[in-house]
Amino acid sequence: MSAGYVYNVCVRTSRGLLRLGPGIRAGPGAAVPAGIRAMHSDRPAGREDSGTGGLAQAILQDRLQQQQLKSQGEPAGDAEGQGQQGQQDRGDERKQKENTAYAKKIVLRLAGVLALGGSVGVVYLFGSSSMDEQGNKIPDEFDGDPPVIQQVRRTYKYFKDYRQMIIEPTSPKLLPDPLKEPYYQPPYTLVLELTDVLLHPEWSLVTGWRFKKRPGIDFLFQQLAPLYEIVIFTSETGMTAFPLIDSIDPQGFVMYRLFRDATRYVEGHHVKDVSCLNRDTSKVIVVDCKREAFSLQPFNGLALQKWDGNSEDRALYDLAAFLKTIALSGVEDVRTVLENYAHEEDPIAAFKRRQAQLAQEEQQRLSESSQHKSQGLSLGSIAGRFWPRSKQQ
């Protein structure tokens, strides 16, 4: 085979590769591989071999078909991969749910065991018989029951008594009997709340919790001490309130102190039961910022506005004037007076308003009386002109 023949076959093959197939023509803007363009530019002019061109065309079509199959196979492979990934995700999710359910089951079983153990410990601790100082067992009403029943009944009685202690006051008589002569017993009893009436709790990062003293406390105590038996009755605990009362009353105007354990717990509120104070309820006035505090005897209470810590507040000065007016008036039953202020949002403001109105009416009455007197004098002088003194005699 001569070199010229081989050259002609290569040239014709390169020319045949430019044909894209039946019915498909390479347009003027179609991309041609660089190697084919080089071969095509160097070929000499000559005849085209039809057999060689058909072979090149078949080769090109085969390559195009392979590329199409490859492009069609990739999405199918992706879909298959996605399906496998989804199955794997569902399997992981099912495993996670099974692990969660198992963990919950273990936690519930552990909680049940702990609750059972705690219940047994409580029954053993609070259901045991009481002992005296010598270590001897103190008999009670449960000694005739089986041992387990004894433990359970004693535990139930303990918690029942504890609940009763929280709900009920510590004693049916919270205050001692009134003083007898020659000691002086004030005719009225004033019951004051501590928090938000006399003191205001404040908190800051620098000082923590502290209580601010309301303006007028000293004036209130000094004005009312001869007329009222002053009692601090607060819903705070004794541990909190006792040093606070010492700080606001260094002179000892407060005669008695009552704390949370002396209240009656009713519907989530600590209520001050006036009937347990061992005093005549017609002479008792309860001052608080919550109406629920005296809900059992609503006409024995005076609901002040809650103090917010304002240093310009004057409510205690006005309260002292109001209570002093009641005491100096010798009111037989304070409930008849406080009933008129039971529905006032600010009873002290209502008292000042009524007091100003009464003062205005009194001034008007005095002015009218003076006018009548002046008119009488003027008529007398006119009559004297008509009748000389000698004739009048």
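Rules and cut-offs
- Residue positions are counted from 1 within each chain, in the order its sequence is given.
- For a predicted model such as this one, the threshold for reporting local features is a pLDDT of at least 70, and the threshold for listing and counting side-chain atom pairs is 80 or more; totals across whole chains, interfaces and linings nevertheless cover every residue.
- Excluded from the side-chain calculation are hydrogens and water; included are all heavy atoms of the structure.
- The predictor attaches a confidence to each residue, and that confidence, scored 0 to 100, is pLDDT.
- Any pair of residues with heavy atoms lying within 4.5 Å of one another is described as a contacting pair.
- Note on aromatic contacts: the rings of Phe and Tyr and the six-membered ring of Trp form a pair at centre separations within 6.5 Å, being stacked when their planes are under 30 degrees apart, edge-to-face when over 60 apart, and tilted otherwise.
- Runs of H or I in DSSP of at least four residues are treated as helices and runs of E of at least two as strands, each being numbered from the N terminus.
- When a residue's accessible area, from a 1.4 Å probe over protein chains only, is under 20% of the maximum for its type it is buried; when over 50% it is exposed; and in between it is partly exposed.
- As a reminder, the over-ring test applies to NZ of lysine and CZ of arginine, requiring each to be within 6 Å of the ring centre and within 35 degrees of the ring normal.
- What is meant by a nonpolar core is a set of buried Ala, Val, Leu, Ile, Met, Phe, Trp, Tyr and Cys residues, joined one to another through side-chain atoms within 4.5 Å.
- Only residues whose relative accessible area exceeds 30% and that take part in no salt bridge are eligible for patches, with like-charged residues grouped when within 9 Å of each other and nonpolar side chains (Val, Leu, Ile, Met, Phe, Trp, Tyr) grouped when within 5 Å.
- Areas reported here follow the Shrake-Rupley algorithm with a probe of radius 1.4 Å; residue values treat only the protein chains shown as occluding.
- In the sections that follow, a salt bridge refers to a side-chain nitrogen of Lys or Arg positioned within 4 Å of a carboxyl oxygen of Asp or Glu.
- Counted as a polar contact is a pair of N or O atoms within 3.5 Å, where, for protein atoms, one must be capable of donating a hydrogen and the other of accepting one, and residues adjacent in sequence contribute only when both atoms are in side chains.
- Two strands pair under a simple rule: DSSP has to find at least two bridges between them.
- Only the stretch in contact is used when a helix axis is fitted, and all axes are lines through C-alpha atoms; the angle between N-to-C directions ranges over 0 to 180 degrees.

Section: the confidence of the model for the chain
The predicted coordinates ought not to be read in detail in places where the model reports low pLDDT.
Argument step 1. Within the chain, residue pLDDT values average 80, and 76% of them lie at 70 or more.
Argument step 2. Across residues 17-49, where pLDDT falls below 50, the model places 34 contacts with residues more than four positions away in sequence or in other chains.
Argument step 3. The low-confidence segment residues 382-387 (pLDDT under 50) makes three contacts with residues lying over four places distant or belonging to another chain.

Describing the packing of aromatic side chains
Argument step 1. Taken as a whole, this structure holds nine aromatic pairs when the rule is applied.
Argument step 2. Relative to Phe253, the ring of Phe221 lies with its centre 6.4 Å away and its plane at 45 degrees, an arrangement referred to as tilted. A residue pair is termed long-range when its members are at least 10 positions apart, and Phe221 in helix H5 (residues 217-224) and Phe253 in the loop between helix H6 (238-248) and strand S5 (256-258) qualify at 32 residues.
Argument step 3. For Phe221, a relative accessible area of 1% translates into the label buried.
Argument step 4. Ring pairing ties together the aromatic residues Phe126, Tyr158 and Phe159, which thus form one cluster.
Argument step 5. The ring of Phe233 carries the charged tip of Lys272 above its face, separated from the ring centre by 5.7 Å.

Quick word on the nonpolar core
Argument step 1. Of all hydrophobic cores here, the largest spans 40 residues; its most connected members are Leu198 and Tyr228.
Argument step 2. Contributing elements (two or more residues each) for this core: strand S1 (188-192), H5, strand S4 (228-233), H6, strand S8 (284-288), helix H7 (315-328), helix H8 (334-338) and helix H9 (347-386).
Argument step 3. Of all the elements, H7 adds the most residues to this core, at seven residues.
Argument step 4. Dropping the residues within four chain positions of it, Tyr228 is found in contact with Pro186, Tyr188, Thr189, Leu190, Ile285, Leu323, Ile326 and Ala327.
Argument step 5. Formed by 16 residues, the second largest nonpolar core is a distinct cluster that contains Leu174, Ala262, Val274 and Val284.

Side note on a nonpolar patch on the surface
Argument step 1. Residues Val122, Tyr158, Phe159, Tyr162, Met165, Ile166 and Tyr265 make up a contiguous nonpolar surface patch of about 640 Å² in total accessible area.
Argument step 2. For the nonpolar patch, the element with the highest residue contribution is helix H4 (residues 147-167), accounting for five residues.
Argument step 3. Counting through the fold element by element, Tyr265 comes out in strand S6 (residues 264-266).

Considerations on the side chain of Gln185
Argument step 1. Along the chain, the position of Gln185 falls in the loop between H4 and S1.
Argument step 2. At 3.1 Å, the side chain of Gln185 forms a polar contact with the backbone nitrogen of Leu179.
Argument step 3. A polar contact is formed between the side chain of Gln185 and the side chain of Glu229, at a distance of 3.4 Å.
Argument step 4. In this view, Gln185 contacts Pro178, Leu179, Glu229 and Arg279; residues no more than four positions away in its chain are not counted.

As for the pattern of salt bridges
Argument step 1. Scanning all chains against the criterion turns up 18 salt bridges.
Argument step 2. Lys272 is paired through a salt bridge with Glu193; the nearest N and O atoms lie 2.6 Å apart. Of this pair, Lys272 sits in the loop between strand S7 (269-271) and S8 while Glu193 sits in the loop between S1 and strand S2 (199-204); the two residues are 79 residues apart in sequence, bridging distant segments of the chain. Of the two residues, Lys272 and Glu193, both sit in the buried class.
Argument step 3. Asp246 is paired through a salt bridge with Arg257; the nearest N and O atoms lie 2.7 Å apart.

Let's talk about the side chain of Glu229
Argument step 1. Within the secondary structure, Glu229 sits in strand S4.
Argument step 2. Excluding its chain neighbours within four sequence positions, the residues that come into contact with Glu229 are Gln185, Pro186, Tyr188, Thr189, Leu190, Met255, Tyr256 and Arg279.

Things to note about the environment of Glu267
Argument step 1. Turning to its location among the elements, Glu267 is positioned in the loop between S6 and S7.
Argument step 2. Its relative accessible area of 77% is what places Glu267 among the exposed residues.
Argument step 3. Along the chain, Glu267 and Ile167 lie 100 residues apart, while their C-alpha atoms are 9.9 Å from each other.

Considering the environment of Gly268
Argument step 1. Along the chain, the position of Gly268 falls in the loop between S6 and S7.
Argument step 2. In the structure, Gly268 is positioned 24 residues away from Glu292 in sequence and 9.7 Å away in space, judged by C-alpha atoms.

Comments concerning the sheet that holds strand S9 (residues 301-303)
Argument step 1. Read from one edge to the other, the open sheet built from five strands follows the order S5-S4-S1-S8-S9, with strand pairing classed as parallel. For this open sheet the edge positions go to S5 and S9, each flanked by a neighbour on one side alone. Adjacent strand axes in the sheet meet at a mean angle of 25 degrees, parallel and antiparallel pairs treated alike.
Argument step 2. The pairing of S1 with S8 spans four bridges and is classified as parallel. Counted as the bridge partner of Val191 is Val286 from S8.

Quick look at the pairing of S1
Argument step 1. The element S1 is extensively covered by neighbouring structure, given that five of its five residues are classed as buried.
Argument step 2. Of the two faces of S1, both are covered, the one formed by Tyr188, Leu190 and Leu192 as well as the one formed by Thr189 and Val191.
Argument step 3. Note that S1 and S4 share five bridges and pair parallel. The residue bridging Val191 from the neighbouring strand is Val231, located in S4.

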